[in-house]
Amino acid sequence: MHLERLGATHLEAVAEVERLGQTHPWTRDTLARALDDAMLEVWGAWRAQTLLGFAVLARLPFEVELQALTVRPEARRQGVGHDLLRHLVTRAEALAAERLLLEVREGNAPALALYRQLGFREDGRRPGYYPPADASAGKRETAVLMSYPLAEGAST
Ligand SMILES: CC(C)(COP(=O)(O)OP(=O)(O)OC[C@H]1O[C@@H](n2cnc3c(N)ncnc32)[C@H](O)[C@@H]1OP(=O)(O)O)[C@@H](O)C(=O)NCCC(=O)NCCS
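Residues numbered from 1 in each chain as written. Predicted model: local features only at pLDDT ≥ 70, side-chain atom pairs only at ≥ 80, totals over all residues. Heavy atoms only, no water.

Chemist: What exactly am I supposed to notice about the UniProt feature "domain: N-acetyltransferase" (unreviewed entry) in the chain here?
Modeler: The residues that UniProt annotates with the feature "domain: N-acetyltransferase" (unreviewed entry) are residues 1-151. Helix makes up 31% of residues 1-151 and strand 37%. Its end C-alpha atoms lie 29 Å apart. (UniProt positions renumbered as here; feature names shortened; annotations may be inferred. Helix = DSSP H or I, 4+ residues; strand = E, 2+ residues; numbered from the N terminus.)

Rendered as structure tokens:
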């Protein structure tokens, strides 16, 4: 597996992974804008010619934010998400960001387990933040706000 920064030429591959891997996929237009946005970094994990997963990092003035992370279903539990996120932590350090932030549905057990395993901490919760996971039923879902404290290690 190797990691690579993705650009507009990778739209087809990214859109396929997103369609297969997300219950609420970003639209093709949103993905195209992300791949073209100078404030965002889209990183992909490849095995040979197959895009296994990708992550979108937003560069904010003092912090960076994970905006998306999707792994192809058949490539899960092989360390792809872990390697992408570790790489984003390295990028955040290189950008001298104070924290790496993210939001995740409280019902998303695989993602929560991954973030906790990597050392992300819970900062708070926003009840009713997300539309229902199943659009036809259920109520709005709580967001868990998490961060990875990059500057803390440097100052202690
Ligand atoms: C969440 C997601 C990105 C994880 O990717 P992944 O490549 O399967 O994760 P990894 O193989 O790197 O897992 C690393 C660790 O995370 C935890 N983990 C990952 N998936 C898990 C699951 N289904 N159940 C429990 N723990 C899980 C485990 O601790 C795992 O380590 P282990 O396999 O040694 O036990 C993937 O399931 C996915 O794309 N889900 C749909 C999209 C999504 O929810 N994205 C995140 C929020 S936007």
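Now that the structure is up, let's keep going.
Chemist: What is the right way to read helix H1 (residues 11-21) from this model?
Modeler: Inspection of H1 places Leu11, Ala13, Val14, Ala15, Val17, Glu18 and Gly21 among the buried residues, and these make up the whole buried set. Looking at the buried positions of H1, the neighbouring elements they touch are helix H2 (28-36), strand E2 (40-47), strand E3 (50-59) and strand E4 (64-71). (Buried < 20%, exposed > 50% of the residue type's maximum accessible area, 1.4 Å probe, protein only. Contact = heavy atoms within 4.5 Å.)

Chemist: Where do I start with the environment of histidine 87 in this structure?
Modeler: For histidine 87, the location among the structural elements is in helix H3 (residues 80-94). Through-space distance from the C-alpha of histidine 87 to that of alanine 55 is 9.7 Å; in sequence the pair is 32 residues apart. If we skip the residues at most four places from it in the chain, histidine 87 touches Leu3 and Trp43.

Chemist: What exactly am I supposed to notice about the site of the ligand here?
Modeler: Looking at the ligand, there are 19 residues lining it, with Leu69, Val71, Gly81, His82 and Asn108 nearest. In this structure, a nitrogen atom belonging to the ligand sits 2.7 Å away from a main-chain N or O atom of leucine 69. Cavity membership is defined here by more than half of the atoms lying within 2 Å of grid points; on that basis the ligand lies in the largest pocket. Considering every element that reaches the shell around the ligand, the biggest residue donor is helix H4 (residues 109-118), with six residues. A class-by-class count of the residues in the shell around the ligand yields eight nonpolar, nine polar and two charged. (Near = heavy atom within 4 Å. Polar contact = N/O pair within 3.5 Å; in protein donor to acceptor, adjacent residues only side chain to side chain. 1 Å grid on protein atoms, 1.4 Å probe; cavity = no way out; pocket = protein on both sides within 12 Å on 5 of 7 lines; lining within 4 Å. Sits in = over half its atoms within 2 Å of the grid points. Nonpolar A, V, L, I, M, F, W, Y, C, P; charged D, E, K, R; others polar.)

Chemist: What am I meant to see in the side chain of arginine 105 here?
Modeler: Following the sequence through the fold, arginine 105 ends up in strand E5 (residues 99-105). Among the residues examined, arginine 105 registers a relative accessible area of 14% and is labelled buried. Here proline 131 takes part through its backbone oxygen, which lies 2.9 Å from a polar atom of the side chain of arginine 105. Dropping the residues within four chain positions of it, arginine 105 is found in contact with His24, Leu112, Tyr130, Pro131, Pro132, Ala133, Glu141 and Thr142.

Chemist: Is there a simple way to think about H2 in this case?
Modeler: Note on helix geometry: an α-helix contains 3.6 residues per turn, so any two residues three or four positions apart are oriented the same way. Those residues of H2 lying buried are Leu31, Ala34 and Leu35. The buried residues of H2 occupy an angular sector of 95 degrees when the element is viewed end-on, so they sit on one face. Exposed residues pointing more than 90 degrees away from the buried face of H2 are listed as Asp29, Arg33 and Asp36. In the core, the buried residues of H2 are packed alongside H1, E2 and E3. (Arc of directions from axis to C-beta.)

Chemist: Please explain the sheet that holds strand E7 (residues 141-149) as it appears in this structure.
Modeler: Remark on secondary structure: sheet strands pair via backbone hydrogen bonds, oriented parallel or antiparallel. Taken in spatial order, the seven strands line up as E1-E2-E3-E4-E5-E7-E6 in an open sheet, and their pairing is mixed. The open sheet terminates on both sides in strands that have one partner only, identified here as strand E1 (2-5) and strand E6 (121-130). Sheet twist, expressed as the mean angle between neighbouring strand axes with direction ignored, is 25 degrees. When E5 meets E7, the two strands line up antiparallel, connected through seven bridges. Bridge pairing in E7 places leucine 101 opposite serine 147. (Pairing = 2+ DSSP bridges. Axes fitted to C-alpha atoms, helices over the stretch in contact; angles between N-to-C directions.)

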